[in-house]
Amino acid sequence: MRVVLAVLALLAAVPAAAETIVPPGFTVHVYVSGRGFERERAPGAPGIPSSSTLAMAPDGVLYVARTGRRYTGGEVDDLWPIYRIPLGGARLTPETEARFLYGPPLFNPQIAGISPAGELFVTTYDRDRKIGVLYRMVNGRAELFAGGTPERGARPVLRQPEGVAFDPGGHIYVADRARDVVLELDAAGAVVDASFLSLPRPRLMVIDPRQRLWIGGDEQVVAPWQRGPGVLWRADVETPPAPMLRGPLVAGLAVGPGGRIFVADRHAARIVLVDGDGTASEFARFTDGDAPRGLAFVPDTPATRGAGIAGDLLVITISRGRWPANEIIRVSGPFGAPLEGAR
């Protein structure tokens, strides 16, 4: 623990490279970064290879997925690894990167979420074969949980799964962007309802304390980096999906204290806070060409409390407008209190 606290003290002394404007009482520091990955374009520039999704396990280990079709570097096209970052954060280089890799490279991996049991789930898809998979990661192995190659003549269960949400009853919800549906699975991965919700191009999902699903969708755009209309939907077992916020193209989604929803609006370079009734306000704004991607709150557990990061917000940022180099910042502050200064 002394080593962890020493690392955290060192990282806390490193401010974010560009100013991130947050409400009074909040602070921003770099949690994960690197150097040497942009040798050809920007030698010496900080950042890790392009990543867009993340989640933290109860023990404080952070999982981050590299984003496909960004680098070649000798890797097979579209196969990208998962980073496993220890409690306290890390600084990566091309020489040390291998120490942080977890599991096999996967096609277009996205960190889907951490289950209530603390298990890491990852979604992948093969755009050419139009087949998607939901994996459960166990001790560095990718175990097929749902989807995959169907039997001859059968339709794939998943085509382009992305976000996943877990309810207390053990049900698992998967956003299939290519099929315009949210599927419901049981705790063993069997399909309960192949069209639990129907809505255009769902990508990211979370469940709030009232067991309502919040779903970020693209609507008309093909890829998250393209500009176009986005929508944040809310649904539960008794009501169909209802649009609660239109405009931001949701690049990251997280549930904060009090059930408030935090949305990463990449194109507007800001994080938006959405109350349960759909009232939106700006929580953070990024400057100098930075923009947010994935979001995740640090769980409140003995490990994270001991490290002093419980309840903090982790944000993947595109650094200074250069999408190939990202950093992960840690936002600390009174998230459970009324957020004065949020606009």
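A short tour of the structure in this document, coming up. Treat the numbers as computed from the prediction; the structure is a model and nothing was measured.

Rules used in this analysis
Within each chain, residues carry numbers counting from 1 in the order of the written sequence. This being a predicted model, a pLDDT of at least 70 is required before a residue's local features are given, and a value of 80 or more before pairs of side-chain atoms are given or counted; all residues contribute to the totals for chains, interfaces and linings. Processing note: side-chain calculations cover all non-hydrogen atoms of the structure and skip hydrogens and water entirely. To qualify as a helix, a DSSP run of H or I must reach at least 4 residues; to qualify as a strand, a run of E must reach at least 2; elements of each kind are numbered from the N terminus. To sort residues, take the accessible area from a 1.4 Å probe on protein chains only and compare it with the maximum for the residue type: under 20% means buried, over 50% means exposed, and anything in between is partly exposed. Note on contacts: a residue pair qualifies if any of its non-hydrogen atoms lie within 4.5 Å across the two residues. Note on areas: Shrake-Rupley, 1.4 Å probe, and residue coverage restricted to the protein chains presented here. Between any two strands, at least two bridges found by DSSP are needed for them to pair. The term salt bridge refers to a side-chain nitrogen of Lys or Arg lying within 4 Å of a carboxyl oxygen of Asp or Glu.

Here we take up the overall build of the protein chain. Looking only at helices and strands, one finds two helices and 27 strands in the protein chain. Scored against the burial criterion, the 343 residues of the protein chain give a buried share of 55%. Relative to all contacts within the protein chain whose residues are 6 or more apart in sequence, the contacts with residues 24 or more apart total 48%. Summing over all exposed atoms, the protein chain offers an accessible surface of approximately 14600 Å²; the carbon and sulfur share of this is 53%.

Taken together, the five strands give an open sheet; going across it, the order is E1-E24-E23-E22-E21, and neighbouring strands pair in antiparallel fashion. Among the strands making up the open sheet, the edge pair consists of strand E1 (20-21) and strand E21 (250-255). Relative to strand E22 (residues 261-265), E21 runs antiparallel, the two being bridged by five bridges. The residue bridging Gly252 from the neighbouring strand is Ala264, located in E22.

Tallying each qualifying case throughout the model produces 12 salt bridges. Between Glu143 and Arg141 there is a salt bridge; the shortest N-O distance is 3.0 Å. Here Arg270 ties to Asp265 by a salt bridge, and the two come within 3.2 Å at their closest N and O atoms. Connected through salt bridges with shared partners, the residues Glu162, Arg177, Arg203 and Asp218 form a single ionic network.

Here we come to the side chain of Gln160. By the secondary structure assignment, Gln160 is in the loop between strand E12 (141-147) and strand E13 (161-166). Leaving out residues up to four positions away in the same chain, Gln160 has contacts with Tyr125, Ala175, Asp176, Arg177 and Ala178.

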